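# Residue-level structure breakdown
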Amino acid sequence: LSMYKAWLNVQLIEDKERREAYASLLGQVSVECKPTLVLQTALKELQQGIQALLGIAASVKEGSASRAEEENAGGLRIRLCPEANTQGERSQREDGFELQYMQAANGNEAIYLIGGSDKGIMYGVFHLLRMVASGKRAAELNTKESPANELRMINQWDNADGTIERGYAGRSIFYGNGRIASDLGRIRDYARLLASIGLNAISINNVNVHELETRFITEEQLPEVARLADLFRAYGIALFLSVNFAAPLQLGERNTADPLDAGVQSWWKDTAARIYSHIPDFGGFVVKADSEHRPGPFTYGRDHADGANMLAEALADYSGLVIWRCFVYDCMQDWRDRKTDRARAAYDHFKPLDGRFRSNVLLQIKNGPMDFQVREPVSPLIGALKETNQMVEFQITQEYTGQQRHLCYLVPQWKQVLDFDSYAQGEGSQVKRIADGSLYGTAHSGIAAVSNIGDEESWTGHILAQANFYGYGRLVWNPELTAEQIALEWAAATFGYNPTVTTVIIGMLMKSWAIYEAYTAPLGVGWMVAPNHHYGPDVDGYEYSRWGTYHFADRDGIGVDRTQASGTGYTSQYSEPNASLYENAATCPDELLLFFHHVPYTHILQSGKTVIQHIYDTHFGGADEAERLREQWAELEGQIDEASFVHVAERLAEQAEHAKHWRDVINTYFFRKSGIPDADGRVIY
Ligand code: BDP
């Protein structure tokens, strides 16, 4: 079924001439390198793809050709070119590949697929199949690709009981009833999807590690975990586990989890030895510590460098990595005294530790300082760490962006983050250069994101949310791709190469983030969602709670004063000129105004509107636009498969209704608070 196949829904090429031209070229594959596990995967994918696209069974021949044969031979020729990555340049990562089209003297056509590694070959195969499906001719295939980022990671927030934290697409494909799934087929299909977009690392359990998952690193569970590692290995994906910092204590094997305790240190060393005896290429640990009631080094008066380094020491002999999350804040604070500000927390905790982490530790930093809101500034911690490996964290699962019931294509948001200039080393210090390690030349770096998949047939609940999954992988491979290009690739691969269909879908995707933002929390202030589950409007839901996520709306004004002059001083965490840009309400970008400033409702935005009128207008506009999305989709009836059509139509209908609800709740609230009428007289209560 196409929903399940997602973007690997390869169809027979209809144009006979093109199909035959390709058949003579791809019907014969010669493999001129050693058959490794990943290479075998690549060949299997290649044969399957050729069968589906061209309706033929390709013959695969192994062994290198003699010189005479070589000169005239045609077909697809697969080679390994390890020299491609000996230049030590970041643009030449070993996972790269090259495609070269050639015509021999005798007229034979050949395509060379040259990988920097077996993984490079596999990525090249997926790329080749995508290009052929998209209608490219053989002579147009020449390309050289190399992933921009070293670690291209996905984080599952799956729990062993089969639930998924912030999951909106069913239950876990990994676990059920406290055990690792016995049917590995679905997980294998997932590995395929991940590899097809270039991802190379996965952490398979929630960052909130509960009792059952704490046991994943025990002798009893490791054989099961190893089965998953085997499966991902075949697709070139390294397996990581989220671990419980207090595991030695909670498993009852030590009476403390103090990172400076010799007994604890040896416990983790033994644990590492045990893990690597089952999984020799285990990726390492992901750790959420001292955050939202998770244990951590603070309990013992130690800091996060002590905690991370202790684990890193244990993994070092095996080249394992510790991915230590910077989402550390006191969730039981109240900062109305303006001494604490949740947005400041990551920087305040980690900046002073810069330079103290071992070389196999990476700090994983959420893209914004709060928590994956529809609009946030870029975290000032990204780039501020100059002697520490760092990774950016995105959230594909739409916790705060409509939970896969609303359409919200997030690639434009991620691109904005990656293109943001932190000025950490002067102009040209974009986030993407920190993620790819080039700004500071760090040993390790990359990007991670929280997955949006579950066991629903469509993987992502909303089929159009597959675009976020696909787009994440493509963007992490190459941050220079545009959000439109990615949307086009995805829509065509998923629904077929029909320009009428793809044009409508790209249009919808590209507008969707702005639409969602328009009818939800205004001008970067965030939140205003129902507490706990985070779906739907509740303007004051978090306003009187201790989670530190306030909007400070009263009868005179709204917004959070994070300036140095009169607020929390958060703006000073940025490098200049960003610090001054945000500090000054006149230069602060409109879309972030209420994140940084508390202003009267009559404050005039750079757009020329008052804050209150902006709120009214965007909420009416956004809800109308949500209605348009539904109409646009309706045009596709009969042009895509019925099941997908109905599935999306239902969700868009729900979104359109729910957008009106958002509109009314927000507008009425601010009308009543401010007492200022809508200039167009639309708001009533
Ligand atoms: C928040 C989620 C929470 C996660 C937390 C995290 O609401 O469920 O555990 O982030 O990233 O977005 O650790």
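Residues numbered from 1 in each chain as written. Predicted model: local features only at pLDDT ≥ 70, side-chain atom pairs only at ≥ 80, totals over all residues. Heavy atoms only, no water.

In the nomenclature of an unreviewed UniProt entry, the chain is known as Xylan alpha-1,2-glucuronidase of Paenibacillus endophyticus. The annotation that UniProt attaches to the chain under Sequence similarities (unreviewed entry) is "Belongs to the glycosyl hydrolase 67 family." Taken directly from UniProt, the Catalytic activity (unreviewed entry) text for the chain runs: "Hydrolysis of (1->2)-alpha-D-(4-O-methyl)glucuronosyl links in the main chain of hardwood xylans." (UniProt positions renumbered as here; feature names shortened; annotations may be inferred.)

On to the site of the ligand. Residues in close proximity to the ligand total 14 residues, the closest being Glu165, Lys288, Arg325, Lys366 and Glu399. Note that an oxygen atom of the ligand is positioned 2.5 Å from one of the side-chain N or O atoms of Glu399. Against a free-state accessible area of 320 Å², the protein chains account for coverage of 97% of the ligand. (Near = heavy atom within 4 Å. Polar contact = N/O pair within 3.5 Å; in protein donor to acceptor, adjacent residues only side chain to side chain. Areas by Shrake-Rupley, 256 points an atom, 1.4 Å probe, with all protein chains shown as cover.)

This part covers the packing of aromatic side chains. This model, assessed by the stated rule, comprises 36 aromatic pairs. Taken together, a centroid distance of 5.8 Å and an interplanar angle of 25° make the contact between Trp7 and Phe469 stacked. Of this pair, Trp7 sits in the loop between α1 (2-5) and α2 (16-26) while Phe469 is found in helix α15 (residues 466-477), placing the two residues 462 residues apart along the sequence. The pair Trp7 / Phe469 is uniform in exposure class, with both members buried. Between the aromatic rings of Tyr190 and Trp459, the centroid separation amounts to 5.9 Å while the plane-to-plane angle is 25°, which identifies the pairing as stacked. On the criterion of sequence distance, the pair formed by Tyr190 in helix α6 (residues 185-196) and Trp459 in the loop between β16 (445-450) and α15 is long-range, its members being 269 residues apart. (Phe/Tyr/Trp six-rings, centres within 6.5 Å; stacked < 30°, edge-to-face > 60°. Helix = DSSP H or I, 4+ residues; strand = E, 2+ residues; numbered from the N terminus. Buried < 20%, exposed > 50% of the residue type's maximum accessible area, 1.4 Å probe, protein only.)

So, on to the UniProt feature "active site" (unreviewed entry) in the chain. Summarizing the sequence annotation, UniProt attributes the feature "active site" (unreviewed entry) to Glu292, Asp371 and Glu399 in the numbering used throughout. Looking at where Glu292 falls in the secondary structure, it is placed in the loop between β12 (284-287) and α11 (304-316). Once residues within four sequence positions are removed from consideration, Glu292 is found in contact with Phe327, Tyr329, Cys331 and Trp547. If you trace the backbone, Glu399 turns up in the loop between β15 (389-395) and α13 (411-419). Look at Glu399 and you get buried, because its relative accessible area is 3%. Not counting chain neighbours up to four residues away, the residues in contact with Glu399 comprise Trp157, Arg166, Tyr168 and His534. Among the polar contacts listed, one links the side chain of Glu399 to the side chain of Arg166, at a separation of 3.1 Å. (Contact = heavy atoms within 4.5 Å.)

Direction vectors running N to C along helix α10 (residues 262-278) and α11 enclose 40°, while the axes themselves pass 8 Å from each other. When the axes of α10 and α11 are compared, the pair comes out oblique. Crossing handedness for the pair α10 and α11: right-handed. Where α10 approaches α11, its residues Val264, Gln265, Trp268, Lys269, Ala272 and Tyr276 are matched on the opposing element by Met310, Leu311, Glu313, Ala314 and Leu315. Here the contact of α10 with α11 is built from residues that sort into eight nonpolar, one polar and two charged. (Axes fitted to C-alpha atoms, helices over the stretch in contact; angles between N-to-C directions. Parallel < 35°, antiparallel > 145°, perpendicular 65-115°, else oblique. Left-handed = near helix turned anticlockwise from the far one by under 90°. Nonpolar A, V, L, I, M, F, W, Y, C, P; charged D, E, K, R; others polar.)

What follows deals with the pattern of salt bridges. The tally for this structure, following the rule as stated, stands at 36 salt bridges. Residue Arg233 pairs with Asp281 through a salt bridge whose shortest N-O separation is 2.7 Å. Pair noted here: Arg233 is in helix α8 (residues 222-233) and Asp281 is in the loop between α10 and β12, with a separation of 48 residues, a long-range link. What emerges from the salt-bridge pattern is a single network uniting Lys609, Asp617, Asp678, Asp680 and Arg682. (Salt bridge = Lys/Arg side-chain N within 4 Å of Asp/Glu carboxyl O.)

Here the focus is the sheet that holds strand β3 (residues 75-80). Across the sheet, which stays open at both edges, the six strands sit in the order β2-β1-β3-β5-β4-β6 with mixed pairing between neighbours. Two strands in the sheet have a free side with no partner beyond their single neighbour: β2 (59-62) and β6 (143-145). The sheet shows a mean angle of 20° between the axes of neighbouring strands, taken without regard to direction. When strand β4 (residues 97-103) meets strand β5 (residues 109-115), the two strands line up antiparallel, connected through seven bridges. Looking at the pairing, Glu98 lines up with Ile114 of β5. Here helix α3 (residues 37-54) sits on the sheet in contact with β1 (28-31), β2 and β3, set at roughly 175° to β1. (Pairing = 2+ DSSP bridges.)

Before going further, it helps to examine the sheet that holds β12. Strands sit in the order β7-β10-β11-β12-β13-β14-β15-β16 around a closed barrel of eight strands; the barrel is parallel. With strand direction ignored, the average angle separating the axes of adjacent strands in the sheet is 25°. Where β12 lies against strand β13 (residues 321-325), four bridges are found, and the strand directions are parallel. Opposite Val286, over in β13, you have Ile323 as the bridge partner. Against the sheet, α8 contacts β10 (201-203) and β11 (238-242), and its axis sits at roughly 145° relative to β11. Each of β12, β13 and β14 (361-366) touches α11; the most contacted strand, β13, lies at about 160° to it.

Moving on, we get to the side chain of Arg474. Within the element layout of this structure, Arg474 appears in helix α15. Side chain to side chain, Arg474 and Glu489 meet in a polar contact 2.8 Å long. Among all residues touching Arg474, those that are not within four sequence positions of it are Arg130, Ile197, Leu481, Ile486 and Glu489.

Along the chain, Trp267 turns up in helix α10. Between the C-alpha atoms of Trp267 and Arg254, which are 13 residues apart in sequence, the distance is 8.1 Å. When near neighbours in sequence (up to four residues on either side) are disregarded, Trp267 contacts Ile217, Ala247, Pro248, Leu251, Glu253, Arg254 and Arg274. At 2.6 Å, the side chain of Trp267 and the side chain of Glu253 are in polar contact.

What follows is about the layout of surface pockets. Quantified by volume, the largest pocket comes out at close to 880 Å³. In this structure, the largest pocket is lined by 39 residues; those nearest its centre are Leu8, Asn9, Val10, Gln11 and Ala493. Grouping the amino acids of the lining of the largest pocket by side-chain chemistry returns 18 nonpolar, 12 polar and nine charged. Reported here for the second largest pocket is a volume of approximately 600 Å³. Lining the second largest pocket are 26 residues; nearest its centre among them are Glu94, Lys119, Leu151, Asn200 and Ala238. Per element, the largest residue contribution to the lining of the second largest pocket is three residues, and it comes from β11. (1 Å grid on protein atoms, 1.4 Å probe; cavity = no way out; pocket = protein on both sides within 12 Å on 5 of 7 lines; lining within 4 Å. Points joined across faces, edges and corners; volume = space filled by probe spheres on them.)

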